[in-house]
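# A structural walkthrough
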Amino acid sequence: MIETTFNPKQVEPRWSEAWEKSGAFKPKNDPKAEPFCIVIPPPNVTGSLHIGHALNNTLQDVLVRFERLRGKSVLWQPGTDHAGIATQMVVERQLAQAGKNEDRRSLGREEFLKRVWAWKEESGGTILNQLRRLGASCDWSRERFTMDEGLSAAVLKVFVQLHKEGLIYKDKRLVNWDPHFETAISDLEVENREVAGHFWHFKYPLENGETYQFPIAHDEEGKPTEWETRDYIAIATTRPETMLGDGAVAVHPSDTRYAGIVGKRVLLPLADRYIPIIADEYPDPDFGSGAVKITGAHDFNDYKVARAHDLPLYILMDTKGRMATGEHVPAKYRGLDRFEARKRVVEDIEALGLLDRIENKKIMQPFGDRSNVVIEPMLTDQWYVNAGELAKAAIAAVETGKTKFVPETWTKTYYQWMRNIEPWCVSRQLWWGHRIPAWYGPDDHVFVEESDAAAKSAAKKHYGKDVALRQDEDVLDTWFSSGLWPFSTLGWPEKTSELKRFYPTSTLVTAHDIIFFWVARMMMFGMHFMKEEPFKEVYIHALVRDAKGQKMSKSKGNTMDPLDLIDKYGADALRFTLAAMAAQGRDIKLSEQRIEGYRNFGTKLWNAARFAQMNECAVWDEYDPRSPEQTVNKWIVGETAKAAAAVTRELEARRFNEAAGALYKFVWNVYCDWYLEFIKPLLNGADEAAKTETRRTAAWVLDQILIMLHPFMPFITEEIWTRMGEFGQRREGMLIVDSWPELSDDLIDADAEAEIQWMIDLIDETRSTRSELNVPAGAKIPLLLIGAGADAERRLERYQDLIDRMARLEYSTSAEAAPGGSVTFVLSGATVALPLQGVVDLPVESARLAKEIAKLEGEVAKMDAKLGNADFVAKAPEEVVEELRERRTDASASVQKLSHALTQIKGGA
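Residues numbered from 1 in each chain as written. Predicted model: local features only at pLDDT ≥ 70, side-chain atom pairs only at ≥ 80, totals over all residues. Heavy atoms only, no water.

### A short note on the nonpolar core
In this structure, Phe480, Phe525, Leu590, Trp635, Tyr671, Phe678 and Phe712 are the most contacted members of the largest nonpolar core, which totals 210 residues. Looking at which element gives the most residues to this core, the answer is helix H21 (residues 656-678), with 13 residues. Apart from the residues within four sequence positions on either side, phenylalanine 525 is in contact with Val158, Leu162, Leu390, Trp424, Phe480, Gly483, Leu484, Phe487 and Met530. Counting residues in each nonpolar core, the second largest holds 39 residues, with Tyr204, Leu206, Tyr212 and Leu355 among its members. (Core = buried A, V, L, I, M, F, W, Y, C linked by side-chain atoms within 4.5 Å. Buried < 20%, exposed > 50% of the residue type's maximum accessible area, 1.4 Å probe, protein only. Helix = DSSP H or I, 4+ residues; strand = E, 2+ residues; numbered from the N terminus. Contact = heavy atoms within 4.5 Å.)

### Points about the packing of helix H18 (residues 571-580) against H21
Two numbers describe a pair of packed helices, the interaxial angle and the distance between the axes. One can describe the packing of H18 onto H21 by two numbers: an axis separation of 7 Å at closest approach and a directional angle of 120 degrees. In this view, H18 runs oblique relative to H21, as classed from their interaxial angle. On H21, the residues that touch Phe576, Ala579 and Ala580 of H18 are Phe656, Asn657, Ala660 and Tyr664. Broken down by class, the residue content of the contact of H18 with H21 amounts to 6 nonpolar, 1 polar and no charged. (Axes fitted to C-alpha atoms, helices over the stretch in contact; angles between N-to-C directions. Parallel < 35°, antiparallel > 145°, perpendicular 65-115°, else oblique. Nonpolar A, V, L, I, M, F, W, Y, C, P; charged D, E, K, R; others polar.)

### Let's talk about the pairing of strand S10 (residues 232-237)
Burial within S10 is extensive, with 5 of its 6 residues counted as buried. When strand S7 (residues 190-205) meets S10, the two strands line up antiparallel, connected through 6 bridges. In the strand pairing of S10, tyrosine 204 is matched with isoleucine 233. (Pairing = 2+ DSSP bridges.)

### A closer look at unusual backbone geometry
A cis amide bond links valine 406 to the next residue, proline 407, at an omega of -5 degrees. Relative to the assigned elements, proline 407 resides in the loop between strand S17 (404-406) and helix H11 (410-418). At serine 828, a residue that is not glycine, the phi angle is positive and equals roughly 50 degrees. Looking at the element boundaries, serine 828 is found in the loop between strand S30 (822-827) and strand S31 (830-835). Here serine 828 falls in the exposed class, since its relative accessible area comes to 65%.

### Examining helix H10 (residues 387-399)
Between its first and last C-alpha atoms H10 spans 18 Å; for 13 residues at 1.5 Å apiece the expected length is 18 Å, and the two agree. Turning to H10, its buried residues are Ala387, Leu390, Ala391, Ala394, Ile395, Ala397 and Val398. Its buried side turned inward, H10 meets helix H7 (149-164), strand S16 (376-385), S17, H11, strand S18 (424-425) and helix H16 (515-530). A positive backbone phi angle near 85 degrees is found at glycine 401, which sits one or two residues after H10. (Expected span 1.5 Å × (residues − 1).)

### Digging into the side chain of serine 506
Tracing the sequence through the fold places serine 506 in strand S24 (residues 505-511). Residue classification places serine 506 among the buried positions, given a relative accessible area of 16%. The residues touching serine 506, leaving out its near neighbours within four places in the chain, are Pro35, Phe36, Cys37, Phe535, Lys536 and Glu537.

### As for the pattern of salt bridges
Enumeration according to the criterion identifies 68 salt bridges in this entry. The salt bridge involving aspartate 139 is made with lysine 26; its shortest N-O contact spans 4.0 Å. Pair noted here: aspartate 139 is in the loop between helix H6 (126-134) and strand S4 (144-145) and lysine 26 is in the loop between helix H1 (8-22) and strand S1 (35-39), with a separation of 113 residues, a long-range link. Under the relative-accessibility criterion, aspartate 139 is labelled buried at 4%. For glutamate 340, the salt bridge goes to arginine 344, with nearest N and O atoms at 3.0 Å. In this pair, glutamate 340 and arginine 344 are both assigned in helix H9 (residues 338-351), 4 residues apart and thus about one turn of the helix distant. (Salt bridge = Lys/Arg side-chain N within 4 Å of Asp/Glu carboxyl O.)

Remember that the coordinates give geometry; whether it matters functionally is a separate question.
This is how it looks when you write it as structure tokens:
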């Protein structure tokens, strides 16, 4: 017998183990079964489960379990990413904390990498075990790692082939440089933060003391009215130390203030060299002085200007962010930390009388997301992929519909990135990662091969003898290996049966912030090496925010740990909450109250199953849903068919929230609140045939519920499925591998639906009226049906006992007219009257309702005024505006509800 309460802490680990041990997570070994494949976005090997992971993997698991139940051969491919910087940082931190005065450089590359691998084997699988707790039904026997042997072979092959095709090359370009880790990093690893900063305004003197007239006053039309004579041009900078590397001062071609001095030169203070004044579209004439310094080796925008005008590029800093020792850096600054150099430069400029002013201002500053130090744009030699060329086929795959984005609006983001893509820097100055397969000869001639032996052979052929080679010290960007994920995890470059069966994969589920860094890479590599798109569909889910709509962060203290939530409410409740709130294009506002509410939904289901079992509801043999003769059973079969169609349709369209909503309504309202109440008289009656039919129907519908709900709430549904099988026909297998309901529309009996829906509407409207008019819960009142047709009168007579019990009525009957002191509503053309004389003071209640409506309408008007204020909407935090819109919607709904009640009072006799 099913226990009184469901205990997720006991049930969940038991089913996790049973599912995996049974082989249920493996693809079906049936060549006729349609393949369905999802590759997991590989979490960092250093990671632990956060709420974003919980959402991402819940949605994947919903699809995987759904398609598995539909009979497809399903592969959910799991694995982890080696996470270059993050992993190296973890092990370096451990070394520092060990107190043995060891670091990676004292250990050397080989020993350090041994330590990293040892850490990976001991602690690197944490997040995958946490995903098991969430219920993720990946084929764990196929777990991959971006640096395991097979994937490493794929990486080498891809790099070498792209190099031989001229699509990978070495170049000196500007990159994001992390002075702490001493490596280039990707844009994704840079956090731009608003900080308190300064604009230092400097004067650069014109060569030979030349002067020009600079306008300092203007009339209403903007024409100059007053000038001053200047022998300098003013620039502003947030990074004074970089002025030592200026190659020019730029002004806009249309800026008439400087037209007379374009082409002349200014003295670069402290560096004591002359640089030209150039005209370029980059400067904004309306910002600051309209003149900008061009430091090509230390600013991304300046770099483009410098290349366009063939300006010299002066590298000012070393890999640690200290001022370089080059001759273009004055001796007094060499070796100084960049921020100390900044201080000295400002002091020295001021001493020369060339500091115009210092302006305090909020500025955006780039920080390394791991190191937390300020990132420095640096000109370095790096390996690059010709992403522009690879992007062509990847763009075409989306343009032709071979790969579709859901929601479709993300297609625009993809195109915008891909059509303006820059060369992709793939080298990193780290030790942990795929070492670049490039070897250098004595004269630095490079040999790119898949192995040391192949490089030596190529070198011998080139030089005519054996020579000493040194391998490139750099490793590849993490995104390089994860870009191969959809086919490398399936065994490529070997021609495996899995690769043939499951590539292209079916659906990718991911977040919008890695469309550029991961989705784009997979599209480019998939199209180039497999000649096919890596996935048919990309589902982009929203962010999970806190209950107020704010982005979660540790600094705000508003993060929610999914493991804590699972401990408290169970995995099913968390999963259903996330799915139920995953509306396309709308961020999730998550609160514990929501999760608690969906835990209560699980409790409702558990109690329904317990009720069914206690009343001997079971399917003893094959059940024919067309067999019921009782109206209520015909009705619930039709409702089940409608629910199955809705859930199937919404899951196929990736509207997870709509599918969850349809299930919630069907389970809680239709099955539990209505059907189980309706069948109590039959279960307690003397008609044995009706009783048997009802028991079998109730059990069959519960089975359909368990199957449809399983993708969302796998643990509780599997437990109930097994426990319900203790009576009746023995279960042949676990729920996870059963069959999805395919119920035709002809199961919907229109007459039964009309009859039962009439009764539901009558009870529902009566209950609402009682609630809105504050009728005491214990008060038994009569109900009069006036002007009804024969069908309605027959229904009232047939279901009178049920109606009276569920609507808490003294009695219900037909009547000619409504007595005084009644409230009324219309149902299917008839008038329903509830005589409330002596139960409710209708004039007082009418006044109360009118007052409450007026108050709410006033609040709605105030909120409309705010929301109609464009300045407020533009300047207020997004979560504040969203909360106001929600409050306005709620208040408006309350006005409608109360107005309806007031209308009922006024419509009474």
